[in-house]
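Residue-level listing of the chains:
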Amino acid sequence: MTALLEANDLVKDFPGVRAVDGISFAVPAGSCFGLLGPNGAGKTTTLEMLEGITTPSAGGVRYRGGPLDRGYREAIGIQFQATALQEFQTTRESLALFAQLYAHSADLDELVERCQLGSFLDRDTRKLSGGQRQRLLLAIALVNDPELVFLDEPTTGLDPQSRRNVWQLIDAIRRAGKTIVLTTHYMEEASQLCDEVAIIDAGRVIAQAAPRALIDAHFPGTLIRVPQAALPAGLPLPAGAERRGELIEICTADAEQTMHELLAVGVPLTELRVAAPTLEDVFLKLTGHGLRG
Amino acid sequence: MKLRRFLAVVVARNREFYRDRTSLGWNLLFPLLTVLIFAFIFGGGPADQYKVGVLTAGGDLTAAQHPFLGTQHVRFLPVEDEAAGVTKVRRHQLDMLLDLRGAPRYWVSRESPNGYLTERLLAASVGSADAMPAREAVEGRQIRYVDWVLPGVIATNMMFSCLWGVGYVIVRYRKNGVLRRLQATPLTPFEFLSAQVVSRLIVVVVVTLLVYVLSDLVMGLTMYGSHALLALVFLCGATCLISIGLLVSVRTRSEELADGLLNLLSWPMMIFSGAWFSLEGAHPLAQAVAQVFPMTHLVDAARRVMLDGAGLADVAPALGLMVGSTVVLLAIAARLFRWS
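Residues numbered from 1 in each chain as written. Chains lettered and ligands numbered in written order. Predicted model: local features only at pLDDT ≥ 70, side-chain atom pairs only at ≥ 80, totals over all residues.

Caption draft 1: Geometry of the overall build of chain A. Helices and strands together make up the secondary structure of chain A, namely ten helices and 14 strands. Here the C-alpha coordinates of chain A stretch approximately 70 × 45 × 40 Å along the principal axes. Long-range contacts, defined here as pairs at least 24 residues apart, represent 71% of the contacts in chain A between residues at least 6 apart. (Helix = DSSP H or I, 4+ residues; strand = E, 2+ residues; numbered from the N terminus. Contact = placed C-beta atoms within 7 Å.)

Caption draft 2: Structural context of unusual backbone geometry. All names here are of chain A. In this structure, F88 is a non-glycine residue whose phi angle is positive, near 60 degrees. By the secondary structure assignment, F88 is in the loop between β6 (76-79) and α3 (91-100). Even without being glycine, A202 reaches a positive phi, approximately 50 degrees. Structurally, the position occupied by A202 is in the loop between β9 (196-201) and β10 (204-209). With 15 C-beta atoms counted inside 10 Å, the residue A202 sits in the partly exposed group. (Buried ≥ 20, exposed ≤ 12 C-beta atoms within 10 Å, placed from the backbone.)

Caption draft 3: A look at the domain arrangement of chain B. Split by domain assignment, chain B resolves into domain 1 (3-41 + 144-336) and domain 2 (50-138). Centre-to-centre separation of domain 1 of chain B and domain 2 of chain B, based on C-alpha positions: 41 Å. (Domains from an automatic or database assignment.)

Caption draft 4: Representation of the interface of chain B and chain A in the model. At the interface, 18 residues of chain B touch 19 residues of chain A. Those elements that place two or more of their residues in the side of chain B that touches chain A are α1 (3-19) and α6 (178-183) of chain B. Here the element with the most residues in the side of chain B that touches chain A is α1 of chain B; it accounts for seven residues. Looking at the side of chain B that touches chain A residue by residue, the class counts come to six nonpolar, four polar and eight charged. (Nonpolar A, V, L, I, M, F, W, Y, C, P; charged D, E, K, R; others polar.)

Caption draft 5: Main features of helix α1 (residues 43-51) of chain A. Residues and elements named next belong to chain A. Counting buried positions over the nine residues of α1 gives nine, a clear majority of the element. Every buried residue of α1 is accounted for by K43, T44, T45, T46, L47, E48, M49, L50 and E51. Following α1 by one or two positions, G52 has its phi on the positive side, about 85 degrees.

Caption draft 6: Geometry of the packing of helix α5 (residues 145-176) of chain B against helix α7 (residues 189-219) of chain B. All names here are of chain B. α7 packs onto α5 with a crossing angle of 155 degrees between their chain directions and a minimal axis gap of 10 Å. Taken as axis vectors, α5 and α7 run roughly antiparallel relative to one another. α5 and α7 meet at a crossing whose hand is right-handed. Across the interface between the two elements, V146, L150, I154, M158, S161, C162, G165, V166 and I170 from α5 touch Q196, R200, V203, V204, V207, T208, V211, Y212, S215 and M219 from α7. Classifying every residue of the contact of α5 with α7 gives 13 nonpolar, five polar and one charged. (Axes fitted to C-alpha atoms, helices over the stretch in contact; angles between N-to-C directions. Parallel < 35°, antiparallel > 145°, perpendicular 65-115°, else oblique. Left-handed = near helix turned anticlockwise from the far one by under 90°.)

Caption draft 7: Here's a closer look at helix α11 (residues 294-308) of chain B. Under the 1.5 Å per step criterion, the end-to-end length of α11 of chain B is 20 Å for 15 residues, consistent within 8% with the ideal 21 Å. Immediately beyond the C-terminal end of α11 of chain B, within one or two residues, lies G309 of chain B, with a positive phi of roughly 70 degrees. (Expected span 1.5 Å × (residues − 1).)

Caption draft 8: Focus on the nonpolar core. All names here are of chain B. In this structure, V233 and A302 are the most contacted members of the largest nonpolar core, which totals 133 residues. It is α5 that contributes the most residues to this core, 17 residues altogether. If you look at the next biggest cluster of nonpolar residues, it comprises 15 residues, including V52, F68, V86 and L122. (Core = buried A, V, L, I, M, F, W, Y, C linked by C-beta atoms within 7 Å.)

Caption draft 9: Seen up close, the sheet that holds strand β11 (residues 222-227) of chain A. Residues and elements named next belong to chain A. With antiparallel pairing, the four strands of this open sheet are ordered in space as β12-β13-β11-β14. Of all strands in the sheet, those with a lone pairing partner are β12 (241-244) and β14 (273-275), marking the two edges. When the angles between neighbouring strand axes are averaged without regard to direction, this sheet yields 25 degrees. Here helix α9 (residues 255-264) sits on the sheet in contact with β11, β13 (247-252) and β14, set at roughly 20 degrees to β11. (Pairing = 2+ DSSP bridges.)

Listed below in structure tokens is the structure:
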């Protein structure tokens, strides 16, 4: 697949700190690309450089093979993580304002329907619920019918129902052929939505692949978790086991055999937890700390 | 510059202003209440002491110079500039102007009752008709304090509206992320800043017009000059004040800092501009400082049009200064502006 967007050795320095330290990747057209990382990892700074809002200290961003120009603003849509809209405007007026800022705009009626804004179209935007507000911000990001959409933590702070609602909208955008670059704290979100993810830590990409491929590469099997206290004292750790705080985590290709072995040395069955490895497990393994760092 | 984008921002900003009832109320009520309060306080007629300005070649104002100066219960004030003294007689701010530099002569207003009585006192003091100084009659309506202060009230309201309505609002937009959201669109800084200037000008024009018309209906204003010229003076002044507000906002990220900076600018402007009280007789340094502020030239030009009937040529230097300052300030603001 052709790369629509490319990050080439991006570096961003702030006084006394290098926030982004040589990040490179390519986002294929029509795909959903996820940037994962703990707070302060540099993913929002990376996203801002991709959006053309922050100028890189070194390296560059290329869109359709060329450098970013003024026309880039017309081609992209952005949903910011924290943003305010002009006050004393209704949902309809906010949408119309942003539509007028672009040379080409999407069909607003269709957008209202797609993002389910109909029930609060004439409500002051300050009075919207978290989910309604995110849907409006998503609609604003799509108001110019962009080819490339940036979503910065689109579901942070939403209740599970609203989150799934937004996931459906994002999935529909992807199915409509748009290219999406998103950042998220939620591994389930990345697994569900992204074709490819890059895990960023300390300003660098430490792993990049499709979510399933990342999991398979780092956890080729099943995870069995046992509290350390449940293991008989002095027993050496089984092959493929790692300590995770108070837990011993064993990655095994044959879960049944490993469980038999653990039961045989006296580990109570009720203490054993069997789980399919997730993206979060990959992250923990690679960085040694949680996503919310 | 795309007109569509520019107009979209103007409309959104104006909507934000007129739907914000507290802001709208403050912008309308503050100047109206101020004018009404001044009309009430100073509407009780002239003071009962007679005031006579005296032009002399030097020396104390005593009966040795002229017998009239020995009259009790008349306040004699030294006047240095003949034209300024005559203007004050015309406005009834002086009941009489007495010139003792050569052959004695005096100016008195035909319409002033106090002028008539002061003239009788002068006649009594000299004793005979032959000794009476030469009479120079002037005409002119009494200028009440409220007439004098109204241009200052309008300019003060304009100053607060322009500085806070632009400077503070842009800093708030920057802090809460509105600017960042707009930055992500094709809107250019020039389009955004121009929209802020025009949007605030519309507000200022409407509010000023309302205050002017209502003040005239309630108190009957003195207006000797051209309304079109007065509008031009206010328009130039407002644009200049808006550009000061823009300059404060171009890089500031904190509303508290913006508020402090705007206060730091507005209070000296209000005090030194002569909006509320005349700086005549103030320390020369204070008068020199006053000339730095565009507000001083705005108030002075508006007063000259309204009270003296000044024409375009008379206020052209003030207009030029305000327009020149606006161009320089806007150019600096546009160059320094940052979305985030």
